[in-house]
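What follows is each chain in one-letter form.
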Amino acid sequence: MEDLLHINKTFEKVVAIGSSIQHKEFEGCIFKHCDFSNSDFSNNTFLDCEFIDCNLSMWQVANTSLQSVFFKKCKVLGIQFQSCTDFLFQVNFEDCILDYASFANKKMPKTKFVSCSMKEVNFVGTNLTQAVFDHCNLENAIFNETQLAGADFTTAVHYKINPEFNPMKKAKFSTAGIMGLLEQYDIKIE
């Protein structure tokens, strides 16, 4: 990864734990079975890239551009996505562990989270209009001033969302998950 520009390359089994890889551009690249945990990837650009079965835990991404980036079967624990650049920010996740990540104040309409563990993820001030949480565990995820209009939670579990502080017109929920919207009222439904 010495070059500044990488186009349509596949990086496989790269181990760079605790490394600093900055000021690089990756376009159309695929990362498979890589371990970049605890690494500083600040000030990079990723355009139309895929991360498959990678460990990105505690990845530092300050001023990094993630434009149309797909994560599949990745560990993305504790990543502070809110520090990424906002311009064209677009990510999607499938079968990922996103626990303790933060998307605070990001614009993420139509983002898809499929079969992800999302424990204690921070969505404060995030725009998740029409986002999909398909079979996701949202245990202790934080929703406050989060735009949830049209979001789909029908197969999500363990979420607790206060409708008074999170606009959610036309959002979808399952009957089983309705308690996650009513918990703050301390009522019983039998």
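Residues numbered from 1 in each chain as written. Predicted model: local features only at pLDDT ≥ 70, side-chain atom pairs only at ≥ 80, totals over all residues. Heavy atoms only, no water.

Here's the deal with unusual backbone geometry
Note: most peptide bonds trans; most residues except glycine with negative phi. The phi torsion at His33 lies on the positive side, around 55 degrees, for a residue other than glycine. Its place among the elements puts His33 in the loop between strand 4 (30–32) and strand 5 (45–47). His33 gets classed as partly exposed once you look at its relative accessible area, which sits at 39%. Its identity is not glycine, yet Lys170 carries a phi of approximately 65 degrees, on the positive side. For Lys170, the location among the structural elements is in the loop between strand 12 (152–153) and strand 13 (172–173). (Helix = DSSP H or I, 4+ residues; strand = E, 2+ residues; numbered from the N terminus. Buried < 20%, exposed > 50% of the residue type's maximum accessible area, 1.4 Å probe, protein only.)

Section: the sheet that holds strand 3 (residues 25–27)
Pairing in this open sheet of four strands is parallel, and the strands run 1-3-5-7 from one edge to the other. The outermost strands of the open sheet, each flanked by one partner alone, are strand 1 (5–7) and strand 7 (65–67). Direction aside, the axes of adjacent strands within the sheet are offset by 5 degrees on average. In terms of strand pairing, strand 5 meets strand 7 through three bridges, oriented parallel. Paired with Thr45 across the strands is Ser65, a residue of strand 7. (Pairing = 2+ DSSP bridges. Axes fitted to C-alpha atoms, helices over the stretch in contact; angles between N-to-C directions.)

What about the state of the cysteines?
On inspection of all chains with the given rule, the structure shows zero disulfides. The thiol of Cys84 is not disulfide-bonded; the next cysteine sulfur, from Cys49, is found 13 Å away. Distance from the sulfur of Cys96, which forms no disulfide, to the nearest cysteine sulfur (Cys74) is 4.8 Å. By relative accessible area, which is 2% here, Cys96 ends up buried. (Disulfide = S-S within 2.5 Å.)

Some thoughts on the side chain of Ser57
Its place among the elements puts Ser57 in the loop between strand 6 (50–52) and strand 7. Taking relative accessible area as the criterion, Ser57 reaches 10% and is therefore assigned buried. Side chain to side chain, Ser57 and Asn55 meet in a polar contact 2.9 Å long. Ser57 has contacts with Ser37, Asn38, Lys75 and Leu77, leaving out every residue within four places of it along the chain. (Polar contact = N/O pair within 3.5 Å; in protein donor to acceptor, adjacent residues only side chain to side chain. Contact = heavy atoms within 4.5 Å.)

Brief notes about the pairing of strand 8 (residues 69–72)
Only one face of strand 8 is covered, namely the one carrying Val69 and Phe71; the face carrying Phe70 and Lys72 has none of its residues buried. Sheet topology places strand 6 next to strand 8; three bridges connect them, and they run parallel. Its bridge partner lying in strand 8, Ile52 is registered against Lys72. Pairing of strand 8 with strand 9 (residues 91–94) involves four bridges; the strand directions are parallel. In the strand pairing of strand 9, Val69 is matched with Val91.

Overview of the packing of aromatic side chains
All told, the structure shown has 31 aromatic pairs when counted by the stated rule. Ring plane angle 5 degrees and centroid distance 4.9 Å describe the contact between Phe26 and Phe46, whose orientation is recorded as stacked. Of this pair, Phe26 sits in strand 3 while Phe46 is found in strand 5, placing the two residues 20 residues apart along the sequence. Judged by its relative accessible area of 0%, Phe46 falls in the buried class. When the centroid spacing of 5.8 Å and the interplanar angle of 50 degrees are considered together, the rings of Phe46 and Trp59 count as tilted. One end of the pair, Phe46, is in strand 5; the other, Trp59, is in the loop between strand 6 and strand 7, and 13 residues separate them in sequence. Over the aromatic face of Phe89 sits the side chain of Lys106, whose NZ or CZ is 4.5 Å from the ring centroid. (Phe/Tyr/Trp six-rings, centres within 6.5 Å; stacked < 30°, edge-to-face > 60°. Lys NZ or Arg CZ within 6 Å of the ring centre and 35° of its normal.)

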